[in-house]
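# Report on the structure
Letter by letter, the chains look like this.
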Amino acid sequence: MRRRRWRPRRGGLSRVKLWGGLAVVALAALAVWMDVSIRPLVRSYGLNHAKTVCSRAINESVTDLLTQENLQYSDLVAVEKKETGEILSVEANALSINRLKADITNTVLDRLEKEDVQTLKIPIGTLTGSDFLTGRGPNICIKISITATALTNIRSEFSSAGINQTCHQLFVDLQVELFAALPGNPEEITVDSEFLVAETILAGTVPEFFADLQKAGT
């Protein structure tokens, strides 16, 4: 007695192909939706993380350098007075100021080189944008590559400190251009920082040519 071989019906194969095709389309649509919806969130988190890393590196490196150098006002500025105590002139020590600028720039860039590759972990629930799911679910690991350039300037400010007294302050203005390679296109961030380097109280009338010191170190 012959056994009849079972052959799948053509209708069954058609349904399998149909469901398979729908599954592929659904997965493709899901991938597109995730790319459109999640990419901006990943970019936002990535940029914030890169900016935080950069700001922390700047603050720590500059603070450590200034503490180590222990610069005094007289190390950067020379004040000439008459025997009566009247101020004749104020001159910036260009060599000291330029050396300080170079030290700060190099210190910051060296520190940022150590932070050149970052791994950002974002819970999947956070990427959905739902408050309920924020911080929940497994993490998605994102690699961020960071490179930077830095511009350092010394700024001089004068302000009244009482009757016939002037407060003279020297600030470091640091501008770091940060290039963060995120999934997709690279992004550029500017991080500005300000540090007080030295200050003193000048007693007496401030000569008009004090304004020339404003350009010192720029």
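Structure shown above.
Just so you know, these numbers come straight off a predicted model, no measurement behind them.

## Topic: the overall build of the chain
- Across its full length, the chain carries four helices and six strands.
- Listing every helix and strand of the chain by position from the N terminus yields α-α-β-β-α-β-α-β-β-β.
- Counting every position in the chain, which comprises 218 residues, the buried fraction comes to 32%.
- Considering only intrachain contacts with a sequence separation of at least 6, the fraction spanning at least 24 residues in the chain is 65%.
- Accessible area for the chain stands at about 14,500 Å²; split by element, carbon and sulfur atoms hold 54% of it.

## Description of the nonpolar core
- Counting residues in hydrophobic clusters, the biggest one holds 39 residues, and the most contacted among them are Ile-58, Val-62, Leu-100, Ile-104 and Val-108.
- Looking at this core, the elements that each hand over two or more residues are helix H1 (10-69), helix H2 (73-76), strand E2 (87-92), helix H3 (94-113), strand E3 (117-123), strand E4 (139-160), strand E5 (165-181) and strand E6 (187-203).
- With nine residues, H1 is the largest single contributor of residues to this core.
- Those residues in contact with Ile-58, other than ones at most four positions away along the chain, are Val-108, Leu-174, Val-176, Val-191, Ser-193 and Phe-195.

## Focus on the pattern of salt bridges
- All told, the structure shown has four salt bridges when counted by the stated rule.
- One salt bridge in this structure joins Arg-155 and Asp-173, with 2.6 Å as the shortest N-O distance. With a gap of 18 residues between them, Arg-155 in strand E4 and Asp-173 in strand E5 connect regions that are remote in the sequence.
- A residue is classified by how much of its surface remains accessible, and Asp-173, at 22% relative accessible area, is partly exposed.
- Of the charged contacts in the structure, one is a salt bridge between Glu-194 and Arg-155, with a shortest N-O distance of 2.4 Å. Of the two residues, Glu-194 is situated in strand E6 and Arg-155 in strand E4; the sequence distance between them amounts to 39 residues.

## Some remarks on the sheet that holds E6
- Pairing within the open sheet is antiparallel, and its four strands lie in the order E3-E4-E5-E6. Each end of this open sheet is capped by a strand with a single partner; those strands are E3 and E6. Across the sheet, the axes of successive neighbouring strands diverge by a mean angle of 35 degrees, strand direction being ignored.
- Note: E5 against E6, 16 bridges, orientation antiparallel. Bridging from a neighbouring strand, Phe-179 pairs with Glu-188 of E6.
- The strands that H3 touches are E4, E5 and E6; relative to E4, the one it contacts most, it runs at about 165 degrees.

## Quick notes on the environment of Glu-60
- Assignment of secondary structure puts Glu-60 in helix H1.
- Glu-60 sits 48 residues away from Val-108 along the chain, and the two C-alpha atoms are 8.9 Å apart.

## A few points about unusual backbone geometry
- Unlike most non-glycine residues, Asn-70 shows phi in positive territory, near 50 degrees.
- Topologically, Asn-70 is positioned in the loop between H1 and H2.

Rules used throughout
Residues numbered from 1 in each chain as written. Predicted model: local features only at pLDDT ≥ 70, side-chain atom pairs only at ≥ 80, totals over all residues. Heavy atoms only, no water. Helix = DSSP H or I, 4+ residues; strand = E, 2+ residues; numbered from the N terminus. Buried < 20%, exposed > 50% of the residue type's maximum accessible area, 1.4 Å probe, protein only. Contact = heavy atoms within 4.5 Å. Areas by Shrake-Rupley, 256 points an atom, 1.4 Å probe, with all protein chains shown as cover. Core = buried A, V, L, I, M, F, W, Y, C linked by side-chain atoms within 4.5 Å. Salt bridge = Lys/Arg side-chain N within 4 Å of Asp/Glu carboxyl O. Pairing = 2+ DSSP bridges. Axes fitted to C-alpha atoms, helices over the stretch in contact; angles between N-to-C directions.

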